[in-house]
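Spelled out from the first residue to the last, the chains are:
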Amino acid sequence: LGVGRGSRPVTAAEQEAAADFEKCNPWPSTMRLSLVALSLALPACDAFTAAPSPFLSSRGLPLASRHAAAFPLSSLSMSASSSHSKLPNHKQALLPPAASFTPAPKECSTALKMSSEAATPEGPNKMLVGFYFIAWYVLNVGYNIYVKKTLNVCPLPFTFAVIQLGAGLVWLLPQWLSGIRKVPKPSPSDMDALKKVALFHGAGQLATVMSMSLGSVSFVNVVKALEPIFTAFIGVMVTGVPIPWQVAASMVPVCAGVGLASVSELSFTWGCFGAAMLSNLVYGTRAVLSKLAMDGSDKGEHMDSANTFAIVTLIACVYCIPIALVLEGGKIGAGLAAVKAAGWGWPKFAQMVTATGLLYYTYNEMAFLVLGSVAPITQSVGNTIKRVVVIVAASLVFRTPMTAMGITGSSVAILGVLLYSVIKGMYPDPPKKKLAEE
């Protein structure tokens, strides 16, 4: 904003105008915090540490931190032209031109995703969107690698799943207390809906971490490619809306590729495959129920997508604590002994556990920002590329052996997901009003 950067003191009117701008554009400050979490992910892979991070200067400071305010989030719900014109003249002079803003969600939605509307004709800031995609990929790769390394030393998947769900509080509290992010206040009816979704969210995280403890990261991500298929069929069973035959046909390559990769997986175990499939089932159910249960108009205060995910994650953590205590409470001592036997010091172990939690939460936040900045089909294609990046990075870091048939199966499955995403975009779900008429 350029407020207070000269030799003169900052006036009260300038401070008020800066506060008004921050209300319209809260995410750049959060983006600076995300750079800190992003720096945790980079050392996860030796290939990343060989070259300097593109997000860090020679002094180790985020290059984007001082310029973060120049890149407003494209998913803000307030139109800049209207908010700009309503301010007094002395405030308008301190704000950027209205054209520098980009539009965003009309109303704060409690769905576990950002607005499904495509980007506006003007388009979001390309540099900011590029940062979102790169951060999403790097954080996700870092999460998968850190989790697998930690599980290899201390095989307590349910305990780590709970820690990852609860670590979001470390990320959220400073933002809520400082005012960077508004404190969510869900309505009673919305809280009831969130509790139901949180039950499936927590169960899905337990199953996912369990599958990673029993098999390779690459194989788990190949099996997880089936999640959109589960979501589609569960949606048919719950809503009764049939799937267009074109969409159903595009699912065949995904299923065939996962089957081929499973048959040729050298480290295949039914436990890993079953846990990954259970994760697909639970997360698919969560996606369908979240759409059905969160259509109420009374959502409460400050319940945007990011805060909704925050509430769901924290409730899921509470749900999963008893499960972890029952299943692994008596094994914690043996797990800590295994950490000591592996030669890990307690500081390193604490760092790894904390990093997995922060990486889990921040990569999900970046996924929200990506979905809020681009069209759904673009996000789907980006998600497919992300899965390829994770599989390749994990194979390199852990030196996972893959047969020619396994590589072929994985490739077919991933390309099948891409095909499914494209065709699904061509044949979207019918509008609710049309369904009601039918």
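Residues numbered from 1 in each chain as written. Predicted model: local features only at pLDDT ≥ 70, side-chain atom pairs only at ≥ 80, totals over all residues. Heavy atoms only, no water.

Describe the packing of helix α14 (residues 305-328) against helix α16 (residues 346-373), and please don't skip the residues or the numbers.
Direction vectors running N to C along α14 and α16 enclose 150°, while the axes themselves pass 10 Å from each other. With respect to their mutual orientation, α14 and α16 come out roughly antiparallel. In the packing of α14 onto α16, the handedness of the crossing is right-handed. Each of Ser305, Ala306, Phe309, Ala310 and Thr313 in α14 lies in contact with α16, whose residues at this interface are Tyr360, Tyr361, Asn364, Glu365 and Phe368. For the contact of α14 with α16, a count of residues per class yields six nonpolar, three polar and one charged. (Axes fitted to C-alpha atoms, helices over the stretch in contact; angles between N-to-C directions. Helix = DSSP H or I, 4+ residues; strand = E, 2+ residues; numbered from the N terminus. Parallel < 35°, antiparallel > 145°, perpendicular 65-115°, else oblique. Left-handed = near helix turned anticlockwise from the far one by under 90°. Contact = heavy atoms within 4.5 Å. Nonpolar A, V, L, I, M, F, W, Y, C, P; charged D, E, K, R; others polar.)

Provide a residue-level description of the pattern of salt bridges, including the pertinent values.
If you walk through the whole model with that rule in mind, you get two salt bridges. The partner of Arg181 in a salt bridge is Glu365, and the shortest N-O contact between them spans 2.8 Å. Taken together, the residues Arg181 in the loop between α8 (168-178) and β1 (185-186) and Glu365 in helix α16 connect sequence positions 184 residues apart. Comparing Arg181 with Glu365, the two get one shared label, buried. Close ionic contact of Lys224 with Glu227 constitutes a salt bridge, the shortest N to O distance being 3.2 Å. With relative accessibility at 9%, the residue Lys224 sits in the buried group. (Salt bridge = Lys/Arg side-chain N within 4 Å of Asp/Glu carboxyl O. Buried < 20%, exposed > 50% of the residue type's maximum accessible area, 1.4 Å probe, protein only.)

Go over the nonpolar core, please, and point to the residues and values.
Of all hydrophobic cores here, the largest spans 78 residues; its most connected members are Tyr132, Phe133, Trp136, Tyr143, Phe160, Phe349 and Met366. With 16 residues, helix α6 (residues 126-153) is the single largest residue contributor to this core. The next biggest cluster of nonpolar side chains, apart from the first, holds nine residues, and it includes Trp176, Ala310, Leu314 and Leu358. (Core = buried A, V, L, I, M, F, W, Y, C linked by side-chain atoms within 4.5 Å.)

Would you mind going over the environment of Ala193 in detail, with residue names and values included?
Relative to the assigned elements, Ala193 resides in helix α9 (residues 188-214). Residues Ala193 and Ser290 lie 97 residues apart in sequence; the distance between their C-alpha atoms is 7.8 Å.

An account of the confidence of the model for the protein chain is requested, with residue identities and associated values reported.
The predicted model of the protein chain averages 74 in pLDDT, with 68% of residues at 70 or higher. Looking at the elements of the protein chain, mean pLDDT is at its lowest for helix α3 (residues 46-49), recorded as 39, and at its highest for helix α7 (residues 157-166), recorded as 95. Throughout residues 21-121 the model reports pLDDT below 50, and contacts reaching past four residues in sequence, or to other chains, amount to 185 contacts. Between residues 433-438, whose pLDDT stays under 50, and residues either more than four places distant or in other chains, the model counts two contacts. (pLDDT = per-residue confidence, 0-100.)

Hey, could you go over a nonpolar patch on the surface for me, with residue numbers and the actual values?
On the surface, a nonpolar cluster with roughly 290 Å² of combined accessible area is contributed by Leu169, Leu173 and Leu177. Locating Leu169 in the fold gives a position in helix α8. (Patch = residues over 30% accessible without salt bridge, like charges linked within 9 Å, V, L, I, M, F, W, Y side chains within 5 Å. Areas by Shrake-Rupley, 256 points an atom, 1.4 Å probe, with all protein chains shown as cover.)

Outline the packing of aromatic side chains, supporting the account with residue identities and numerical values.
According to the stated counting rule, one finds 14 aromatic pairs in the structure shown. Each ring, one from Trp136 and one from Tyr137, has its centre 5.7 Å from the other, and the planes form 40°; the classification is tilted. Summarising the burial analysis for this pair, Trp136 and Tyr137 share the class buried. Taken together, Phe219, Phe268, Trp270 and Phe273 form an aromatic cluster joined through their ring pairs. (Phe/Tyr/Trp six-rings, centres within 6.5 Å; stacked < 30°, edge-to-face > 60°.)

Residue-level account of the state of the cysteines, with values.
Within the structure shown, the criterion is met by zero disulfides. Here Cys320 is not cross-linked by a disulfide; its sulfur's nearest cysteine counterpart is in Cys317, at 7.2 Å. Classification of Cys320 by relative accessible area gives buried; the value is 2%. (Disulfide = S-S within 2.5 Å.)

Pulling in residues and values, what's your account of unusual backbone geometry?
With a phi close to 60°, His302 is a non-glycine residue in the positive phi region. Tracing the backbone shows His302 in the loop between β2 (300-301) and α14. Given the relative accessible area of 34%, His302 is considered partly exposed. Despite not being glycine, Arg399 has its phi angle at roughly 50°, a positive value. The residue Arg399 is located in the loop between α17 (376-398) and α18 (404-426) in this model. Relative accessible area serves as the criterion here: at 71%, Arg399 is assigned to the exposed category.

Run through the packing of helix α12 (residues 245-264) against α18, naming residues and quoting values.
α18 packs onto α12 with a crossing angle of 160° between their chain directions and a minimal axis gap of 7 Å. Between α12 and α18, the angle falls in the class roughly antiparallel. In the packing of α12 onto α18, the handedness of the crossing is left-handed. Partitioning the contact of α12 with α18 into residue classes produces 14 nonpolar, nine polar and one charged.

Explain the side chain of Ser218 residue by residue, including any values.
Summarising the element assignment, Ser218 is placed in helix α10 (residues 217-223). Ser218 sits in the buried class, given a relative accessible area of 4%. Polar contacts involving the side chain of Ser218 include one to the side chain of Ser395, which spans 2.9 Å. In this structure, Ser218 is in contact with Ile391, Ala394, Ser395 and Thr400, ignoring residues within four places of it in sequence. (Polar contact = N/O pair within 3.5 Å; in protein donor to acceptor, adjacent residues only side chain to side chain.)

Outline the environment of Ala232, supporting the account with residue identities and numerical values.
Structurally, the position occupied by Ala232 is in helix α11 (residues 227-239). Linking Ala232 and Met251, residues 19 residues apart in sequence, is a C-alpha distance of 9.9 Å. Residues within four places of Ala232 in sequence aside, it is in contact with Ile243, Met251 and Tyr420.

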